[in-house]
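Architecture and fold: a report
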Amino acid sequence: MKRLILMTIAVLGALAVMVLWQIGRGPAVEPLPINTRMVGEFEMTDQTGARFHSDALRGQVVLMFFGFTHCPDICPATMARMAQLYKDLERTREAADVQVVFVTFDPERDTPEYLQQYLAWFHPDFIGLTGSTEDVERITSLYSVVYMPMGEDRQGGTEFAHSDFVYLLDRETRVRKLFPVEADLEEIKRDLRSLL
Amino acid sequence: MICVRYFELALKTVLLAALGLPWVSHAAAMDIEDGWIRAVPPVSSTTAGYLILHNRGDTDRTLTAVSSPVAGAGEVHDMSPQEDGTRHMHHLPELVVPAGDAVALKPGGKHLMLYQLQRPLEIGEQIEVCLAFAEGEPVCGPFEVRAP
C-alpha cells in the first residue's frame with residue numbers, strides 16, 4: 001500500500017514537472033516551411049571587391065534585401081529597419097550568427113566602393129553584393145526578384161520598379177520566409193530566432 | 001497740393017494692397033504640417049521628403065515644383081503598386097490639393113524627391129523646402145532631417 005502511494009506521488013510529480021516545462025516553453029512554434037523553389041548557388045562581388053559565393057553564408061541566419069542605392073524611399077527605410085533589428089540582436093547577444101545582406105540590381109552605379117560607403121552608414125557588419133549584369137540576372141532569377149528599368153531620373157540614372165521583400169534564409173542558405181518591407185520587426189525577430 | 005499728394009499715396013496703397021491681397025490669401029491658405037526629410041548615407045545624392053499639405057483656402061491649389069537650398073533639383077513622386085507585385089515610382093508633374101482639404105505625402109506613397117544633394121544632411125537639422133504652385137506664391141517651411 002505504501003509503495004502504491006509512493007508510486008502515485010512519483011507519477012504525479014513527474015507529470016507536474018512535464019506540465020510546468022511545457023508552460024515554460026510557451027506556445028509551440030510551427031517550424032517555418034522550406035521554400036523548395038528558390039534553390040541554388042550564386043556568385044557575386046562583395047563591397048570589398050572580392051568574389052562572394054553563396055556558400056560563405058552557410059552557418060548564418062540571413063536577412064537579404066534586393067534594391068538599389070539611388071532609391072530614396074523604400075530601400076533606405078528597409079535598410080534602416082534591418083539596422084535597428086540587428087542592433088536589437090546585438091544587445092541580446094544574438095547577432096553573431098545573423099547576417100544582413102543587401103543585393104543591388106543596379107551594378108552600374110552600385111560599385112563595391114559605393115556599396116561599402118552606403119552600407120557602413122547603416123551598419124558596418126552588413127554585406128553588399130553587386131557584380132556583372134549576368135551575376136545580377138542569376139541571383140534575381142534564383143530568388144524570383146522582379147525589377148524593371150523605368151527610364152531616367154533627374155540625375156540621368158535609371159529608375160526601377162521592383163519587388164521589395166526581405167528574405168529570411170536559414171543556416172543552410174534555404175529560403176524560409178519572405179517578409180513585406182513593412183513587416184513588424186518583432187515578427188521578423190521571432191521567425192529569425194526560430195532558426196538560430 | 002498736399003491733399004493731392006496724400007490722395008496719390010492713398011491710391012497707391014490701395015492699389016498695392018489690392019494687387020497683393022490675392023497672393024497673401026493664397027499663401028496663408030496653404031500650410032505644411034510635420035515636414036521631414038529622410039536621412040540617407042553621406043554618399044547618397046538623393047533623398048525623399050514627407051509632409052501633410054493643408055489647403056485652408058477656398059480654391060484648389062496645384063503643386064508643381066519643389067526646391068531646397070540643399071538640392072540641385074526637386075520633384076513630386078508617387079509610388080504605385082503594380083499588378084505583378086512591384087512598386088513603381090513615377091514623377092507627378094502636378095499634385096492638386098483640393099480647397100479645404102489636405103494631402104499626405106508619406107513613406108511608400110506620394111513624396112518629395114530631392115536630387116543632387118549639395119552636402120550630407122545631419123539627423124536633427126532643419127532644411128528649408130519650398131513648394132511652388134500653379135496659383136499664388138510658393139510656400140516654404142523647415143523640414144526636419146530624421147533617421148530613415
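Above: the structure in question.
Described below are features of the structure shown in this document. Computed from a predicted structure; not experimentally measured.

Some thoughts on the state of the cysteines
In protein structure, a disulfide is the covalent linkage between the sulfur atoms of two cysteines. Residues and elements named next belong to chain B. Tallying each qualifying case throughout the model produces one disulfide over all chains. Paired by a disulfide, Cys130 and Cys140 hold their sulfur atoms 2.0 Å apart. Handedness here is read from the sign of the S-S torsion; for Cys130 and Cys140, about 110°, the answer is right-handed. Residue Cys130 is found in strand 9 (residues 126-133), and its partner Cys140 is found in strand 10 (residues 139-146); the two are separated by 10 residues along the sequence. On the accessibility criterion, Cys130 (16% relative accessible area) is buried.

Some details on the interface of chain B and chain A
Taken together, the 31 residues of chain B in the interface contact 27 residues of chain A. When chain B packs against chain A, close to 2300 Å² is buried across both sides, 60% of that on carbon and sulfur atoms. Joining chain B to chain A, the criterion identifies five residue pairs in polar contact (both at pLDDT 80 or more). Of all the secondary structure elements, the ones that give two or more residues to the side of chain B that touches chain A are strand 2 (47-55), strand 4 (71-81), strand 5 (87-91) and strand 8 (111-117) of chain B.

Considerations on the packing of helix 2 (residues 74-91) of chain A against helix 3 (residues 112-122) of chain A
Residues and elements named next belong to chain A. Across the interface, helix 2 lies against helix 3 with an axial gap of 9 Å and an inter-helix angle of 50°. In terms of their interaxial angle, helix 2 and helix 3 are classed as oblique. Seen from helix 2, the contacting residues are Cys75, Pro76, Met79, Ala80, Ala83 and Lys87; seen from helix 3, they are Tyr118, Leu119 and Phe122. Split by residue class, the contact of helix 2 with helix 3 holds eight nonpolar, no polar and one charged.

Here's the deal with empty space enclosed by the protein
All chains considered together, the criterion is met by two cavities of 30 Å³ or more. Taken as a whole, the largest cavity holds about 80 Å³ of empty space. For the largest cavity, the full set of lining residues is Phe68, Cys71, Pro72, Ile74, Glu159, Phe160, His162 and Asp164 of chain A together with Met79, Arg87 and Met89 of chain B. For the lining of the largest cavity, the elements supplying multiple residues, two or more each, are strand 7 (158-162) of chain A together with strand 5 of chain B. Of all the elements, strand 7 of chain A adds the most residues to the lining of the largest cavity, at three residues. The residue makeup of the lining of the largest cavity, split by class, is seven nonpolar, one polar and three charged. Together, Arg38, Ala39, Val40, Pro41, Pro42, Ser44, Leu117, Arg119, Pro120 and Leu121 of chain B line the second largest cavity. Of the residues in the lining of the second largest cavity, the class split is seven nonpolar, one polar and two charged.

Topic: the pairing of strand 4 of chain B
Residue and element names in this part refer to chain B. Strand 4 sits mainly inside the fold: nine of its 11 residues count as buried. Across six bridges, the pairing between strand 4 and strand 8 is antiparallel. Residue pairing across strands places Gly74 opposite Leu114, the latter belonging to strand 8. Where strand 4 and strand 5 come together, five bridges link them in antiparallel fashion. By the bridge assignment for strand 5, His77 is matched with His91. The loop that links strand 4 with its antiparallel partner strand 5 comprises five residues; one of these, Gly85, has a positive phi angle of about 95°.

Notes on the nonpolar core
Residue and element names in this part refer to chain A. With 60 residues, the main nonpolar core has Phe42, Leu63, Met64, Phe66, Phe126, Tyr143 and Tyr167 as its most contacted residues. Looking at which element gives the most residues to this core, the answer is helix 2, with nine residues. Setting aside residues no more than four positions away along its own chain, Tyr143 makes contact with Met38, Phe42, Met64, Phe66, Tyr167, Leu169 and Val175.

What counts and what doesn't
Residues numbered from 1 in each chain as written. Chains lettered and ligands numbered in written order. Predicted model: local features only at pLDDT ≥ 70, side-chain atom pairs only at ≥ 80, totals over all residues. Heavy atoms only, no water. Disulfide = S-S within 2.5 Å. Helix = DSSP H or I, 4+ residues; strand = E, 2+ residues; numbered from the N terminus. Buried < 20%, exposed > 50% of the residue type's maximum accessible area, 1.4 Å probe, protein only. Contact = heavy atoms within 4.5 Å. Buried area = accessible area lost by both parts, 1.4 Å probe. Polar contact = N/O pair within 3.5 Å; in protein donor to acceptor, adjacent residues only side chain to side chain. Axes fitted to C-alpha atoms, helices over the stretch in contact; angles between N-to-C directions. Parallel < 35°, antiparallel > 145°, perpendicular 65-115°, else oblique. Nonpolar A, V, L, I, M, F, W, Y, C, P; charged D, E, K, R; others polar. 1 Å grid on protein atoms, 1.4 Å probe; cavity = no way out; pocket = protein on both sides within 12 Å on 5 of 7 lines; lining within 4 Å. Points joined across faces, edges and corners; volume = space filled by probe spheres on them. Pairing = 2+ DSSP bridges. Core = buried A, V, L, I, M, F, W, Y, C linked by side-chain atoms within 4.5 Å.

The values reported here are purely geometric and, on their own, carry no functional implication.
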